[in-house]
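Structural overview for review
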Amino acid sequence: MREPSFWWREAGLASSVLAPVAMVYGAVAGLRLAGRGRRAGVPVVCAGNLTVGGGGKTPTALAVARMLAHAGEQPIFLSRGYGGRLSGPVRVDPERHRALDVGDEPLLLARVAPTIVARDRVEGARMAVAGAASVIVMDDGFQNPSLAKDLSLLVVDARRGIGNGRTIPAGPLRAPLRAQLAHAHALVVVGMSAGAAGVIADARACDMPVLRARLRPDAGLSATLAGARVLAFAGIADPQKFFATLAEAGIAVGETRSFPDHHRYTPDEARTLCDEADSKGLALVTTEKDLVRLTGDDQLARLATRAHALAVTLAFENEQEFKSLVLERIAAARARNGES
């Protein structure tokens, strides 16, 4: 589904009409956040978005796992598997599973570390521990209280911030801002824009570390597409963020096409994109998430084969601060649990 555009504007009539429903939703979400979850037996690090989609939780989770692996840990990802049909717990096998089975994000996570998909986070954590995880890295699940977290990183996009500042359905917040900040350990701000200035000030007022980071596009694609113009398409929460990243990477964007988040492309849409690219002499470029959703379907094979995916990694402004925060919280969790 597409996000209502009024979520990202100053609160107006539509938002005000939905405000009473949002108050009820927010109250329930706030109570859920206060719930005490089950301990996994190993440290749990969670990356979650403040708002509905587009913040950067998956790149953050990937950055955490890469850093942990470099530090000698054995991270295993735990994901709900949004958009997939399997409820789990199941270990993702990129050779066997498709996005239709486990969702698009778990297929990206599984490229970096073993990944468990489970609607029941506690059962998923048990499978991860049985699989020799020394740390569980949750991609999403901050607002789900079933599993206790030792480090919760709340992620927000620097350009969009928290929109009109209201809770679903009146705005994009997954729970009231103060309630979310009260249960987080750090705020990760992705990008260099000023749209998140308000939430940054709120986080600092709570004595919460604010970690600045930016998405670093793969330089290889820029070289491959040097001199070419592209038709960029994306079915993610914030396609404009992707298009801006392409421009920042020096890729000439001729046309753009936006689709809803986690969009499942139809054969007609795939054919239209290819035909338009051919008629205008454009190369096709999309996100890694979109490409894994195209892969494995014979009816989408032409588009999947032709589309280039822009790989991005999250780079922290102060890598040492990020590393110290994660490793110190993990050490504290082990000391609390009596682990060596």
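To start, this report covers the structure provided alongside it.

Criteria and cut-off values
Residues numbered from 1 in each chain as written. Predicted model: local features only at pLDDT ≥ 70, side-chain atom pairs only at ≥ 80, totals over all residues. Heavy atoms only, no water. Helix = DSSP H or I, 4+ residues; strand = E, 2+ residues; numbered from the N terminus. Buried < 20%, exposed > 50% of the residue type's maximum accessible area, 1.4 Å probe, protein only. Contact = heavy atoms within 4.5 Å. Pairing = 2+ DSSP bridges. Axes fitted to C-alpha atoms, helices over the stretch in contact; angles between N-to-C directions. Phe/Tyr/Trp six-rings, centres within 6.5 Å; stacked < 30°, edge-to-face > 60°. Lys NZ or Arg CZ within 6 Å of the ring centre and 35° of its normal. Core = buried A, V, L, I, M, F, W, Y, C linked by side-chain atoms within 4.5 Å.

Turning our eyes to something else, we now look at the environment of P94. Mapped onto the elements of the fold, P94 is located in the loop between β3 (90-91) and α3 (99-102). Residue class for P94 comes out partly exposed when judged on its relative accessible area of 46%. Separated by 99 residues in the primary sequence, P94 and S193 have C-alpha atoms spaced 35 Å apart. Once residues within four sequence positions are removed from consideration, P94 is found in contact with L107 and A110.

Further remarks concern the environment of A184. The residue A184 is located in the loop between α6 (177-182) and β7 (186-190) in this model. For the pair A184 and L154, spaced 30 residues apart in the sequence, the C-alpha separation amounts to 6.4 Å. Residue contacts for A184: discarding those within four places in its chain leaves F142, S152, L154 and M208.

Moving on: unusual backbone geometry. For the peptide bond that leads from G88 to P89, omega is 5°, which places it in the cis range. Mapped onto the secondary structure, P89 falls in the loop between β2 (75-79) and β3. Its identity is not glycine, yet A132 carries a phi of approximately 75°, on the positive side. Tracing the backbone shows A132 in the loop between α5 (121-130) and β5 (135-139). The backbone of H262 shows a phi angle near 60°, a positive value even though the residue is not glycine. When you line up the elements, H262 lands in the loop between β10 (252-258) and α10 (267-280).

Our next topic: the sheet that holds strand β6 (residues 151-157). Judged by pairing direction, the sheet is mixed, and its nine strands sit side by side in the order β3-β4-β2-β5-β1-β6-β7-β8-β13 without closing on themselves. Both edges of this open sheet fall to β3 and β13 (312-316), since each of them pairs with a single strand only. With five bridges connecting them, strand β1 (residues 44-49) and β6 associate as parallel partners. If you follow C46 over to β6, its bridge partner there is S152. Its contacts with the sheet put helix α13 (residues 319-337) on β1, β5, β6, β7, β8 (210-217) and β13, and the angle it makes with β6 is roughly 150°.

Right, let's talk about the side chain of K241 for a bit. Relative to the elements of secondary structure, K241 occurs in helix α9 (residues 239-248). If we ignore the near neighbours within four places in the chain, the residues touching K241 are G54, G55, G56, D157, R159, V190 and L215.

Two modes of strand pairing occur in sheets, parallel and antiparallel, and in both the strands are linked by backbone hydrogen bonds. On the basis of which strands lie adjacent, the open sheet formed by four strands has the order β10-β9-β11-β12 and parallel pairing. With partners counted over all chains shown, the strands left at the sheet margins are β10 and β12 (308-310), one partner each. Sheet twist, expressed as the mean angle between neighbouring strand axes with direction ignored, is 35°. Direction of pairing for strand β9 (residues 229-234) relative to β10: parallel, over a ladder of six bridges. By the bridge assignment, F233 is partnered in β10 with R257. In the packing of α10 onto the sheet, the strands contacted are β9, β10 and β11 (283-287), and the crossing angle to β10 comes to about 155°.

A separate point is the pairing of β1. The buried fraction of β1 amounts to six of the six residues, a majority that puts the element mostly inside the structure. Because side chains alternate across β1, one face comprises the buried residues V44, C46 and G48, and the other comprises V45, A47 and N49, equally buried. Where β1 lies against β5, four bridges are found, and the strand directions are parallel. Note that in β5 the partner of V45 across the bridge is V137.

A separate point is the packing of aromatic side chains. Scanning all chains against the criterion turns up four aromatic pairs. With 5.8 Å between their ring centres and 55° between their planes, F242 and F243 make a pair best called tilted. Comparing F242 with F243 shows no difference in burial state: the two are buried. With 3.9 Å between their ring centres and 10° between their planes, F316 and F322 make a pair best called stacked. Residue class for F322 comes out buried when judged on its relative accessible area of 2%. An aromatic cluster of three or more residues is present, and its members are F233, F259 and Y265. The positively charged end of R160 is found above the aromatic ring belonging to W8, 3.8 Å away from the centroid.

Quick look at the nonpolar core now. If you look at the biggest cluster of nonpolar residues, it comprises 37 residues, and the most contacted ones within it are L50, I136 and L187. Once you skip the residues sitting within four places of it in the chain, L187 turns out to touch L50, L154, V156, V199, I200, A203, M208, P209, V210 and L211. Counting 28 residues, the second largest nonpolar core, distinct from the first, contains A47, L109, A213 and F322.

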